[in-house]
Amino acid sequence: MTEENNMMISECIIDSTKCIKRVERDCGDSDEWTTVLFVSAETLKGHDSGTKTEDTTPKSRPGESNYGSEGSMGRCSRVAAACLGLLCLLLLAGIMVLFVYYNGVTVRLEERLLVYRTSNNNLTEQRDELQVQNKNLDKEKADLKRRYNMLNQTCLEAWRKFGFSLYYISDWTESWDESRQDCLKRGADLVIINSKVEQELICPFKRFFWIGLTDRETKGTWKWVDGTLMTTGFWSPGEPNGASINSTEDCAEVNTFNDPEKNWNDLRCSERRHWICEKLPDQ
């Protein structure tokens, strides 16, 4: 056989279908092709007997089964990739939302912190100012206390204790009403003379003094400033002489230049005289 026939025989051995088709196309030397078909038939017979199995189910071609499996795996991979991408997008969106929220919270906290710091600074300044004011007030308090002690000592020296009362003798003159107001400011009132001893107490001071006696309420009825009636008096002879309705001599004075037992006189309340205040020690 020729070289071409040898190649054809080889192809027939590999694939009998090709060989048959080749015979149908080219009806050459019948002897040669008979030999080829015989060899091919034997080869196929031996191949079928050697590979015969009990599995009678039709088998698909290897190319078809592999292609289906690879397609399924490809679709699963694409679905998994899509899910993973979607999950990444959701995660990124969540991170962005948290980032925006965190920035907002941070800004609000910083604003509150700034307000608190400002308030704290203001409170600190106010505290410092109050401390300075407190120190100044302490100094003023100490100074006032010192001055009060000095004035109190001076006042105590001006007051004279006799019996159960303290007496203050003025150094200047005022009307009867103004003299009484001064006594009231001192926590006292114009002196009330209830005894001879008390009368003699003021006589050594050679002055004209207002005492707490008046008949303003009822002419001729003399009352002390505490509202009690006068029962014991030390009037000068002919006094009091202002009992008439038209008289303005409604206040009593003591003339210490006269007899200690007879030195009271009624006088107009507008006249200016020294005065004597009286109070209890605990007032």
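Residues numbered from 1 in each chain as written. Predicted model: local features only at pLDDT ≥ 70, side-chain atom pairs only at ≥ 80, totals over all residues. Heavy atoms only, no water.

(A) View of the state of the cysteines. Here the structure, examined in full by the defined rule, presents 2 disulfides. Bridging cysteine 183 to cysteine 277, the disulfide has an S-S length of 1.8 Å. Across the disulfide from cysteine 183 to cysteine 277, rotation about the S-S bond amounts to roughly -80°, and the bridge is consequently left-handed. Here cysteine 277 lies in strand S8 (residues 274–279) and cysteine 183 lies in helix H5 (residues 176–185), a separation of 94 residues in the sequence. Across the pair, cysteine 277 and cysteine 183 agree in class, each one buried. The partner cysteine of cysteine 251 in its disulfide is cysteine 269, sulfur to sulfur 1.8 Å. For the disulfide bridge between cysteine 251 and cysteine 269, the dihedral angle about the S-S bond is near 95°, and by the sign convention the bridge is right-handed. (Disulfide = S-S within 2.5 Å. Helix = DSSP H or I, 4+ residues; strand = E, 2+ residues; numbered from the N terminus. Buried < 20%, exposed > 50% of the residue type's maximum accessible area, 1.4 Å probe, protein only.)

(B) Structural detail: the nonpolar core. One finds Ile193, Ile211, Leu213 and Trp264 to be the most contacted residues of the largest nonpolar core, which totals 31 residues. If you list the elements that add at least two residues to this core, you get strand S2 (165–169), H5, strand S4 (208–218), strand S5 (221–224), strand S6 (251–255), strand S7 (264–267) and S8. (Core = buried A, V, L, I, M, F, W, Y, C linked by side-chain atoms within 4.5 Å.)

(C) Main features of the pattern of salt bridges. If you walk through the whole model with that rule in mind, you get 10 salt bridges. One salt bridge in this structure joins aspartate 177 and arginine 216, with 2.8 Å as the shortest N-O distance. Of the two residues, aspartate 177 is situated in helix H5 and arginine 216 in strand S4; the sequence distance between them amounts to 39 residues. Judged by its relative accessible area of 34%, aspartate 177 is partly exposed. (Salt bridge = Lys/Arg side-chain N within 4 Å of Asp/Glu carboxyl O.)

(D) A look at H5. Those residues of H5 lying buried are Trp176, Ser179, Asp182 and Cys183. Considered in projection along H5, the buried side chains sweep an arc of 125° and stay on one side of the axis. Buried residues along H5 sit against S2, strand S3 (189–190), S4, S6 and S8. At the exit of H5 stands glycine 187, carrying a positive phi of roughly 75°. (Arc of directions from axis to C-beta. Contact = heavy atoms within 4.5 Å.)

(E) Structural detail: the packing of aromatic side chains. For the structure shown, the criterion picks out 8 aromatic pairs. With a centroid separation of 5.5 Å and an interplanar angle of 45°, the aromatic rings of tryptophan 159 and tyrosine 168 are classed as tilted. Residue tryptophan 159 shares its accessibility class with tyrosine 168, and that shared class is buried. Centre to centre, the rings of tryptophan 235 and tryptophan 264 are 5.7 Å apart; their planes meet at 80°, and the pair counts as edge-to-face. Residue tryptophan 235 is found in the loop between S5 and S6, and its partner tryptophan 264 is found in strand S7; the two are separated by 29 residues along the sequence. Assessed through its relative accessible area of 14%, tryptophan 235 is described here as buried. Overall, the relative accessible area of 0% leaves tryptophan 264 in the buried class. Aromatic rings pair up to connect Trp222, Trp224, Phe234, Trp235 and Trp264 into one cluster. (Phe/Tyr/Trp six-rings, centres within 6.5 Å; stacked < 30°, edge-to-face > 60°.)

Just distances and angles here, no functional claims.
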